[in-house]
Amino acid sequence: MRARDLAVEYESVRVDDDALEAAGFMAEHQLPGLLVLDRDGEPKAILPASQVIKALVPAYVIEDPALAAVIDEKHADRLCAALRGRPVGDLLSDKAARPPIAAPDDTALEVAALMARARSPLVAVADRDKAGLNLLGVITASQLLHRLLGHAEPHE
């Protein structure tokens, strides 16, 4: 099985898209992360849901978790205001690496090795030509696990 056969359509956002809308989409579809594209439409980073949650939690609560217990639900509901008016690019870590990109002819094992090296829940599948990068889709870790385990022989 080749990467092009494993790739599926996957929601992506651009660095300039609204962070609150991206977070809402991520929550609604229970996605582990989103593929973030730069202004030219090329993969820039993966925005994990945990990074969005980090943007919601005030820094003083992250530094002293005991403070979380004293914030009542009324104020906790307002945490989403931290995303209002911000672009997705603001949520990316300064250390965010470009997402791993597999070639369409890569095997499932090559994709697995790439995913493991990058410690990424997603791998973009793209080919490059004179016009630039052509994104074919994404392979998720859970999808790849399903595929790899589906071919595993049971031990007797």
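Criteria and thresholds
- Residues numbered from 1 in each chain as written.
- Predicted model: local features only at pLDDT ≥ 70, side-chain atom pairs only at ≥ 80, totals over all residues.
- Heavy atoms only, no water.
- Pairing = 2+ DSSP bridges.
- Helix = DSSP H or I, 4+ residues; strand = E, 2+ residues; numbered from the N terminus.
- pLDDT = per-residue confidence, 0-100.
- Axes fitted to C-alpha atoms, helices over the stretch in contact; angles between N-to-C directions.
- Contact = heavy atoms within 4.5 Å.

S.K.: Any chance you could explain the pairing of strand E6 (residues 132-140) here in plain terms?
M.R.: Within a regular strand, side chains alternate between the sheet's two faces. Summarising the sheet, strand E5 (residues 122-129) and E6 pair through eight bridges and their orientation is antiparallel. Residue pairing in the sheet places Arg128 in a bridge with Leu133 of E6. As consecutive antiparallel partners, E5 and E6 are separated by two residues.

S.K.: Help me understand the confidence of the model for the protein in this model?
M.R.: Do not read the fine detail of predicted coordinates wherever pLDDT is low. The pLDDT averaged across the protein works out to 86; a share of 92% of its residues lies at or above 70. In the model of the protein, helix H5 (residues 73-76) stands out as the element of lowest mean pLDDT, 64, in contrast to strand E4 (residues 101-102), which has the highest, 95.

S.K.: Before we go on, may I ask you to explain the sheet that holds strand E1 (residues 12-14) in this structure?
M.R.: Through backbone hydrogen bonds, the strands of a sheet pair up, either in parallel or in antiparallel fashion. Taken in spatial order, the three strands line up as E1-E2-E3 in an open sheet, and their pairing is mixed. Each edge of the sheet is formed by a strand with only one pairing partner; in this case those strands are E1 and strand E3 (43-48). Across this sheet, the average inter-strand angle for adjacent strands is 35°, counted without regard to direction. Direction of pairing for E1 relative to strand E2 (residues 33-37): parallel, over a ladder of three bridges. Across the sheet, Val13 pairs through a bridge with Val36, a residue of E2. Across the sheet, helix H2 (residues 19-28) touches E1, E2 and E3, and the angle it forms with E2 is around 140°. With respect to the sheet, helix H3 (residues 49-56) is in contact with E2 and E3, its orientation differing from that of E3 by roughly 65°.

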